[in-house]
Amino acid sequence: MDSKHNLNSGWLIAIDPDKKADVISSIKSSTTALRQLKLFLEHEIRMLDHTDSKDYETPSWPYKQADRLGQLRALRKVLSLVP
């Protein structure tokens with residue numbers, strides 16, 4: 001990652017100010033792990049975005065849809081943390 005990638009402030013919650021630079025450096029140098037995390041999250045989002053027409057035939061469809069939307073919202077929030 002180069003210096004033009006900004007780090008989401010969520011990574012720095014409860015980090016002592018004197019350790020902030022070390023934490024930022026550590027996260028930015030973890031490119032392989034972050035890339036894999038991003039790929040995983042994007043895959044999970046694509047899987048949840050797919051709605052099968054059979055889903056509409058079940059009486060519990062609204063509950064399944066609400067659960068799916070909640071999962072998507074949470075995954076997208078985590079994805080937004082990945083630099």
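Before any of the text, the structure's been laid out above.
Here we summarise the structure given alongside this text. Note that the structure is a prediction, hence the values are computed from the model and not measured.

Some details on the pattern of salt bridges
Proximity of charged atoms lets side chains of opposite charge pair with each other.
(1) Moving on: If you walk through the whole model with that rule in mind, you get 1 salt bridge.
(2) Moving on: Residues R76 and D49 are paired through a salt bridge, measuring 3.2 Å at the closest nitrogen-oxygen approach. Placement of R76 in helix α3 (residues 61-81) and of D49 in helix α2 (residues 31-49) is noted, with a sequence separation of 27 residues between them.

Considering unusual backbone geometry
(1) Moving on: At A14, a residue that is not glycine, the phi angle is positive and equals roughly 65 degrees.
(2) Moving on: Note that A14 resides in the segment before α1 (20-28).

Here we look at the nonpolar core
(1) Moving on: Core analysis: the largest hydrophobic core is formed by 10 residues, namely L7, I27, L34, L41, I45, L48, L72, L75, L79 and V82.
(2) Moving on: Listed by contribution, the elements that provide at least two residues to this core are α2 and α3.
(3) Moving on: Looking at this core, the element that brings in the most residues is α2, giving 4 residues.
(4) Moving on: Beyond its immediate stretch of four places on either side in the chain, L72 contacts I45, L48 and D49.

So, the packing of α2 against α3
When two helices pack together, their arrangement is given by the angle between the helix axes and the distance between those axes.
(1) Moving on: Closest axis-to-axis distance for the α2/α3 pair is 10 Å, and the angle between their directions is 160 degrees. Here α2 is positioned roughly antiparallel relative to α3, judged by the angle of their axes. Crossing of α2 over α3 shows left-handed handedness. When α2 is examined against α3, the residues K38, L41, E42, E44, I45, L48 and D49 are found in contact with a partner set consisting of R68, Q71, L72, L75, R76, V78 and L79.

Structural notes on α3
Because an α-helix completes one turn every 3.6 residues, residues spaced three or four positions apart along the sequence face the same direction.
(1) Moving on: The end-to-end C-alpha separation of α3 is 31 Å, in line with the 30 Å expected for 21 residues at 1.5 Å each.
(2) Moving on: All of the buried residues along α3 are Q65, R68, L72, L75 and L79. Considered in projection along α3, the buried side chains sweep an arc of 95 degrees and stay on one side of the axis. Along α3, the residues that are exposed and aim more than 90 degrees away from the buried face are Y63, R73 and K77.
(3) Moving on: Of the surrounding elements, those touching the buried residues of α3 are α2.

A look at α2
(1) Moving on: Look at α2: 26 Å from first C-alpha to last across 19 residues, which is about the 27 Å you get at 1.5 Å a residue.
(2) Moving on: As for α2, its buried residues are in contact with α1 and α3.

What counts, and where the lines are drawn
Residues numbered from 1 in each chain as written. Predicted model: local features only at pLDDT ≥ 70, side-chain atom pairs only at ≥ 80, totals over all residues. Heavy atoms only, no water. Salt bridge = Lys/Arg side-chain N within 4 Å of Asp/Glu carboxyl O. Helix = DSSP H or I, 4+ residues; strand = E, 2+ residues; numbered from the N terminus. Core = buried A, V, L, I, M, F, W, Y, C linked by side-chain atoms within 4.5 Å. Buried < 20%, exposed > 50% of the residue type's maximum accessible area, 1.4 Å probe, protein only. Contact = heavy atoms within 4.5 Å. Axes fitted to C-alpha atoms, helices over the stretch in contact; angles between N-to-C directions. Parallel < 35°, antiparallel > 145°, perpendicular 65-115°, else oblique. Left-handed = near helix turned anticlockwise from the far one by under 90°. Expected span 1.5 Å × (residues − 1). Arc of directions from axis to C-beta.

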